[in-house]
Amino acid sequence: MATLQGYVDHRVLLILQDGRAIVGVMAGYDQKSNVVLSDSKERVYSVEEGVEEIPLGLYLVKGDQIVLIGELDEALDQSVDLSTIRAEPIPPIHY
Amino acid sequence: MLPLSLLNAAQNKPMLVELKNGETFNGHLVNCDNFMNITLREVYQTNADGDKFWKLKECYIRGSTIKYLRVPDTLLDAVKEEQNRAREAGRSARGAHVSGAGNRGGRGMLQRGRGAMRGGPIRGGRGRGRGM
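Residues numbered from 1 in each chain as written. Chains lettered and ligands numbered in written order. Predicted model: local features only at pLDDT ≥ 70, side-chain atom pairs only at ≥ 80, totals over all residues. Heavy atoms only, no water.

### Considering the UniProt feature "domain: Sm" (unreviewed entry) in chain A
- Per the UniProt annotation, the sites labelled "domain: Sm" (unreviewed entry) are residues 1–75 of chain A.
- Along residues 1–75 of chain A, the helical share is 3% and the strand share 55%, with 29 Å between the first and last C-alpha atoms. (UniProt positions renumbered as here; feature names shortened; annotations may be inferred. Helix = DSSP H or I, 4+ residues; strand = E, 2+ residues; numbered from the N terminus.)

Right under this line is the structure:
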């Protein structure tokens, strides 16, 4: 049985269908994969400058918008200097 | 914690709703349901490009069109506290019931339920027939 229970109270990375990458602590979820993220930040990637982190706070994301949820290795994540990272942003899905 | 309990706790609180088409709605939550359909009051609507604004007295948003909701940080603690209170209340209520009702319905009692003999005469269980 696939479940999100193991991610609860862990810092996770969410990728949305519009290409956004959001990191936050998963505070809860439900049957439809709606997810509550606390202390969340959006990571905006660009090739011109480093990654920009935009604080978002408490977020409720609808499950049908979520493409993937991954657990973050917090130690590893903190060892990365985001301002040195250059990357193409993920393009949104068009229907 | 369930997303919908957070939403229910957000009634009368300010929130930002972004739709799948990129439009955003800023307002106070009036009501919501289990489909995440919501009504907001005193709303500022912004188009997807963020260059046009509308002020609405009240609006209804179908849950299926929502991408995400942004709610005040303080709500998380409020909901967790509320859940703790509810759990404690439930525990003490059950405890009072059990002590008040004595042993009725307890495990291993001779009555209908798991393994009880349907309607038959009450006698000892297996292996008690010898030594008569």
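### Concerning a nonpolar patch on the surface
Residues and elements named next belong to chain A.
- Together, Val67, Leu68, Ile93 and Tyr95 make up an exposed nonpolar region whose accessible area comes to about 460 Å².
- For Leu68, the position within the fold is in strand β5 (residues 66–71).
- Exposure remark for Leu68: the relative accessible area of 40% places this residue in the partly exposed category. (Patch = residues over 30% accessible without salt bridge, like charges linked within 9 Å, V, L, I, M, F, W, Y side chains within 5 Å. Areas by Shrake-Rupley, 256 points an atom, 1.4 Å probe, with all protein chains shown as cover. Salt bridge = Lys/Arg side-chain N within 4 Å of Asp/Glu carboxyl O. Buried < 20%, exposed > 50% of the residue type's maximum accessible area, 1.4 Å probe, protein only.)

### Examining the packing of aromatic side chains
- Evaluated as defined, the whole model comprises 1 aromatic pair over all chains.
- Aromatic pair Tyr59 of chain A and Tyr68 of chain B: ring centres 4.5 Å apart, planes at 25°, arrangement stacked. Of this pair, Tyr59 of chain A sits in strand β4 (residues 52–61) while Tyr68 of chain B sits in strand β5 (residues 66–71), each in a different chain.
- You can call Tyr68 of chain B buried: its relative accessible area is 4%.
- We note Lys55 of chain B situated over the ring of Tyr44 of chain B; from NZ or CZ to the ring centre the distance is 5.5 Å. (Phe/Tyr/Trp six-rings, centres within 6.5 Å; stacked < 30°, edge-to-face > 60°. Lys NZ or Arg CZ within 6 Å of the ring centre and 35° of its normal.)

### Section: the interface of chain A and chain B
- Tallying the contact residues gives 21 residues for chain A and 22 residues for chain B.
- Counting the surface lost from both chain A and chain B, the interface buries some 1800 Å², and carbon and sulfur atoms represent 59% of this.
- Of all residues in chain A, Leu58, Leu60 and Lys62 of chain A give up the largest surface area on contact with chain B, accounting jointly for 38% of the area buried on that side.
- Summed over the shared surface of chain A and chain B, the number is 3 salt bridges.
- Measuring nitrogen to oxygen at the nearest pair gives 3.0 Å for the salt bridge that ties Lys20 of chain B to Asp64 of chain A.
- Across the chain A-chain B interface, the total number found is 12 residue pairs in polar contact (both at pLDDT 80 or more).
- Elements supplying a minimum of two residues to the side of chain A that touches chain B: β2 (21–29), β3 (35–44) and β4 of chain A.
- Looking at the side of chain A that touches chain B element by element, the count peaks at 7 residues for β4 of chain A.
- Residue composition of the side of chain A that touches chain B, by class: 10 nonpolar, 5 polar and 6 charged.
- Alignment of β4 of chain A against β5 of chain B, held across 4 bridges, turns out to be antiparallel. If you follow Leu58 of chain A over to β5 of chain B, its bridge partner there is Val71 of chain B. (Contact = heavy atoms within 4.5 Å. Buried area = accessible area lost by both parts, 1.4 Å probe. Polar contact = N/O pair within 3.5 Å; in protein donor to acceptor, adjacent residues only side chain to side chain. Nonpolar A, V, L, I, M, F, W, Y, C, P; charged D, E, K, R; others polar. Pairing = 2+ DSSP bridges.)

### Focus on the domain arrangement of chain B
All names here are of chain B.
- Segmenting chain B into domains produces domain 1 (3–70) and domain 2 (74–101).
- Taking the mean C-alpha position of each, domain 1 and domain 2 sit 31 Å from one another.
- Taken together, the contacts link 4 residues of domain 1 with 4 residues of domain 2.
- In total, domain 1 and domain 2 occlude about 320 Å² of area from one another, counting both sides; carbon and sulfur atoms represent 85% of this.
- Broken down residue by residue, the surface that domain 1 buries against domain 2 is led by Ser5, Leu6 and Ala9, which jointly contribute 78%.
- Scanning the region where domain 1 abuts domain 2 turns up 0 salt bridges.
- Of the residues contributing to the side of domain 1 that touches domain 2, the split by class is 3 nonpolar, 1 polar and no charged. (Domains from an automatic or database assignment.)

### Some thoughts on the side chain of Gln65 of chain A
- Inspection of the secondary structure assignment puts Gln65 of chain A in the loop between β4 and β5.
- Dropping the residues within four chain positions of it, Gln65 of chain A is found in contact with Ile15, Leu16, Gln17 and Asp18 of chain A together with Lys20 and Lys67 of chain B.

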